[in-house]
Amino acid sequence: MQPYLPNDDPNPDQRAETLARRRTQYRFNYDYIPGYPFLEKVPKREYFSAYYWLARLGSLLLLPPNQVLAKLRTALLRPIRVIGDYVNLFALYRQPPRIESWLDDDGFAEQRLSGCNPQAIHRLTERPADFPFTDEQLQAVCGKGTDLAAELAAGRLYLADFASIAHVQGSTWRGRRRGIPSPKALFWWEPAGKRLRTIGIQVHRAPGSRVFLPDDPPHDWLAAKMAYQCADACHQEIGTHFAWTHMVMAPVAVVSRRQLGEQHPVHLLLEPHFRFYLFDNELGRVAFINAGGPVERMLGGTLEESLGIPLKLYQAWNIRDAALPAELAGRGCDDPVLLPRYPMRDDGLPIWEAIQAMVGDYLALYYADDAAVAADPELAAWARELAAEDGGRIKGMPAEIDSRALLQELLTTVIWICGPLHSMLNFSQWDYINLPNMSYALYGEVPEAPGSTDDAKLMELLPPFDRAAYQLWWCKILTSYRHDALGDYDQTFADPAARRVLLAFRQRLQEIERDTDLRDAARPVSFPYLKPSLCINSINT
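Quick caveat, the model's predicted, so the values are computed rather than measured.

Caption draft 1: Inspection of helix α16 (residues 404-427) at higher detail. With 24 residues, α16 should cover 34 Å at 1.5 Å per step; its first-to-last C-alpha distance of 33 Å lies within 8% of that length. The largest bend in α16 amounts to roughly 40° and is located at isoleucine 417, with the proline proline 420 lying one to four residues further along.

Caption draft 2: Geometry of the state of the cysteines. Here the structure, examined in full by the defined rule, presents 0 disulfides. Its sulfur unpaired, cysteine 418 is 13 Å from the next cysteine sulfur, which belongs to cysteine 535. By relative accessible area, which is 0% here, cysteine 418 ends up buried. For cysteine 475, which is in no disulfide, the shortest distance to another cysteine sulfur is to cysteine 116 and amounts to 9.0 Å. Judged by its relative accessible area of 5%, cysteine 475 falls in the buried class.

Caption draft 3: Here's a closer look at the pattern of salt bridges. The tally for this structure, following the rule as stated, stands at 35 salt bridges. The salt bridge involving glutamate 46 is made with arginine 257; its shortest N-O contact spans 2.7 Å. Of this pair, glutamate 46 sits in the loop between β2 (38-39) and α2 (50-58) while arginine 257 is found in helix α7 (residues 218-259), placing the two residues 211 residues apart along the sequence. For the residue pair glutamate 46 and arginine 257, the accessibility class agrees, reading buried in each case. Here arginine 320 and glutamate 409 are joined by a salt bridge, their closest N and O atoms 2.7 Å apart.

Caption draft 4: Spatial organisation of empty space enclosed by the protein. Tallied over the entire structure, the rule returns 4 cavities of 30 Å³ or more. Taken as a whole, the largest cavity spans an internal volume of roughly 80 Å³. Of all the elements in the fold, those that place two or more residues in the lining of the largest cavity are β2, α7 and α9 (277-287). Top element by residues in the lining of the largest cavity is α9. It accounts for 3 residues. For the lining of the largest cavity, the residue count by class is 8 nonpolar, 1 polar and 1 charged. As for the second largest cavity, its lining consists of Trp102, Met226, Gln229, Cys230, Pro436, Asn437, Met438, Ser439, Leu442 and Leu462. The class makeup of the residues in the lining of the second largest cavity is 7 nonpolar, 3 polar and no charged.

Caption draft 5: Quick peek at a nonpolar patch on the surface. Together, Leu62, Val68, Leu69, Leu72, Leu76, Leu77 and Leu92 make up a nonpolar patch on the protein surface, roughly 680 Å² of accessible area in all. Counting through the fold element by element, leucine 92 comes out in the loop between α3 (63-77) and α4 (105-114). Exposure remark for leucine 92: the relative accessible area of 37% places this residue in the partly exposed category.

Caption draft 6: A look at α3. Its 15 residues place the ends of α3 20 Å apart at the C-alpha level, agreeing with the 21 Å of an ideal helix rising 1.5 Å per residue. For α3, the set of buried residues is Leu63, Asn66, Gln67, Ala70 and Thr74. For α3, the arc enclosing every buried residue in end-on projection is 100°, short of the 170-degree limit, so these residues lie on one face. Those residues of α3 that are exposed and angled more than 90 degrees off the buried face are Ala75, Leu76 and Leu77. Against α19 (465-479) lie the buried residues of α3.

Caption draft 7: View of the layout of surface pockets. Roughly 470 Å³ of internal volume is contained in the largest pocket. If you trace the largest pocket, you find 24 residues lining it, with Arg56, Asp280, Trp474, Ile477 and Leu478 closest to the centre. Going through the elements one at a time, α2, α3, α7, α9 and α19 are the ones with two or more residues in the lining of the largest pocket. Per-class residue counts for the lining of the largest pocket are 16 nonpolar, 5 polar and 3 charged.

Caption draft 8: Quick peek at a negative patch on the surface. On the surface, Asp369, Asp370, Glu400 and Asp402 cluster together to form a negatively charged patch. On the secondary structure map, aspartate 369 appears in the loop between α13 (343-366) and α14 (370-374).

Caption draft 9: Summary view of the nonpolar core. Counting 162 residues, the largest nonpolar core has Met249, Trp382 and Ile401 as the members making the most contacts within it. Tallying contributions element by element places α7 first for this core, with 23 residues. For isoleucine 401, the contacting residues outside a window of four places in its chain are Val373, Ala374, Leu379, Trp382, Ala383, Leu406, Leu407 and Leu410. Phe131, Cys142, Leu148 and Leu186 belong to the second-largest nonpolar core, a separate cluster that totals 15 residues.

Caption draft 10: View of unusual backbone geometry. Cis geometry is found at the peptide bond from leucine 435 to proline 436, where omega equals 10°. Tracing the sequence through the fold places proline 436 in the loop between α17 (429-432) and α18 (455-461). Even without a glycine there, the phi angle at lysine 194 is positive, about 50°. Tracing the backbone through its elements, the reader meets lysine 194 in the loop between β7 (184-190) and β8 (195-202).

Caption draft 11: Main features of the sheet that holds β7. The strand order across the open sheet built from 5 strands is β3-β4-β7-β8-β9, with neighbouring strands paired in antiparallel fashion. Of all strands in the sheet, those with a lone pairing partner are β3 (121-123) and β9 (211-212), marking the two edges. Alignment of β7 against β8, held across 7 bridges, turns out to be antiparallel. What sits directly across from leucine 186, in β8, is glycine 200. Strands in contact with α4 are β3, β7 and β8; relative to β8, the strand with the most contacts, it is inclined by about 100°.

Thresholds applied
- Residues numbered from 1 in each chain as written.
- Predicted model: local features only at pLDDT ≥ 70, side-chain atom pairs only at ≥ 80, totals over all residues.
- Heavy atoms only, no water.
- Helix = DSSP H or I, 4+ residues; strand = E, 2+ residues; numbered from the N terminus.
- Expected span 1.5 Å × (residues − 1).
- Bend = angle between axes of the 7 residues up to and from the residue.
- Disulfide = S-S within 2.5 Å.
- Buried < 20%, exposed > 50% of the residue type's maximum accessible area, 1.4 Å probe, protein only.
- Salt bridge = Lys/Arg side-chain N within 4 Å of Asp/Glu carboxyl O.
- 1 Å grid on protein atoms, 1.4 Å probe; cavity = no way out; pocket = protein on both sides within 12 Å on 5 of 7 lines; lining within 4 Å.
- Points joined across faces, edges and corners; volume = space filled by probe spheres on them.
- Nonpolar A, V, L, I, M, F, W, Y, C, P; charged D, E, K, R; others polar.
- Patch = residues over 30% accessible without salt bridge, like charges linked within 9 Å, V, L, I, M, F, W, Y side chains within 5 Å.
- Areas by Shrake-Rupley, 256 points an atom, 1.4 Å probe, with all protein chains shown as cover.
- Arc of directions from axis to C-beta.
- Contact = heavy atoms within 4.5 Å.
- Lys, Arg positive; Asp, Glu negative; His and termini not counted.
- Charge placed at Lys NZ, Arg CZ, Asp CG, Glu CD.
- Core = buried A, V, L, I, M, F, W, Y, C linked by side-chain atoms within 4.5 Å.
- Pairing = 2+ DSSP bridges.
- Axes fitted to C-alpha atoms, helices over the stretch in contact; angles between N-to-C directions.

Structure below.
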């Protein structure tokens, strides 16, 4: 399609009529989840194609027989009596290589850097008011002579605080009480060993609650790590994953349909990054976060409590802070001197910079200067509605875009979130958010009294086989299929100059892939989730 800015379109009346029709087709509903703008009804043009349906269903052919064989194996050959027996679940699928790595302390800590939820940690620059950790606990791991003040000053302490889950009181499933812990955990970057180490985990949030330590009785420490893994899984699946990709970008897709003509250069650029997205979100609303659906059946809270997690993270999100350099800096994970190994940063920033360069070159084709950006009436309407309370409610969204640089930053952020960030969070789930590595619920409380946890109590905390199998079922559905790859735009850009820009982008991604492979080969744990060839363009799975 030939791109035209609104003032240059040879058919302005037809363009205006199409946009007016789109505004009747794409309407927000703020009541499906109070406080969030869902699309009222998804138009058919957003539905999955026949090819998509066939390919995605084909990627799941092994799933039903896997579940049957896993059930038979558990019932007849190897009942689940110890933690390792959960690998029964992988009857026809290759067992993910790190599915038991959390049992080892180095493997547990490394998951904070190279696992499925690297956004859960942030570097401490001062001691928080409710900080439960002490110098003595630090010295038990780091050695005598170390203290919190010095390590804080050196920038080597990292905290994970699952406060966004603290409201969850728990639910009952088939007569068993279950919940989601909301722990705090302190980590220390060991310069000599070039590794992250766990200082301690406070499982319960009440003041004075016990801090579990690596040298505690082994069963006690394992239960504390189990609690952390559960919180991390829930925080990832419906927090950093669902809230910070699916929820935050959907209003951008809707408003783009409502306010930008199909011929608009920005609409053409974003089209591949919104493909099938709104329909996928609708399936999530009616078949994943619905009453009686997977979230209610898998997570430890009531449905209302569980949906409170993404709402909290959605309300805390800001589009300007979501630009990758700003997001990394906001959590203190941007400095490779302080944190030498952090794959999300190391692999993500080259992709971010490639997207940013591509977007800048593309915009320069259509906007000669900042005045041209400010004079675009459709772009102005797009920004106003994204920021408006009766529109997209995008926090941090400027109601006016008055420069090419600002538009470049916003579009880079949108493409980064819809493509690489979502891919990283979505496809890493299979390797980590399965038993025995992570459960979406603990079926009981982690005992506070030292020495009061044994094998029986550990197994009591973990889900029964049918819940673990159900978790695998949904994890495979979410991660089995990639429709395309970042930068592979199957629509034809009629403008030869635009095609040259996109070709240069794809060539740069190939160079990034080679560099990523070299970095990954030197890591203690592989992190393939930001290889450009494994990132998809849109949030459609």
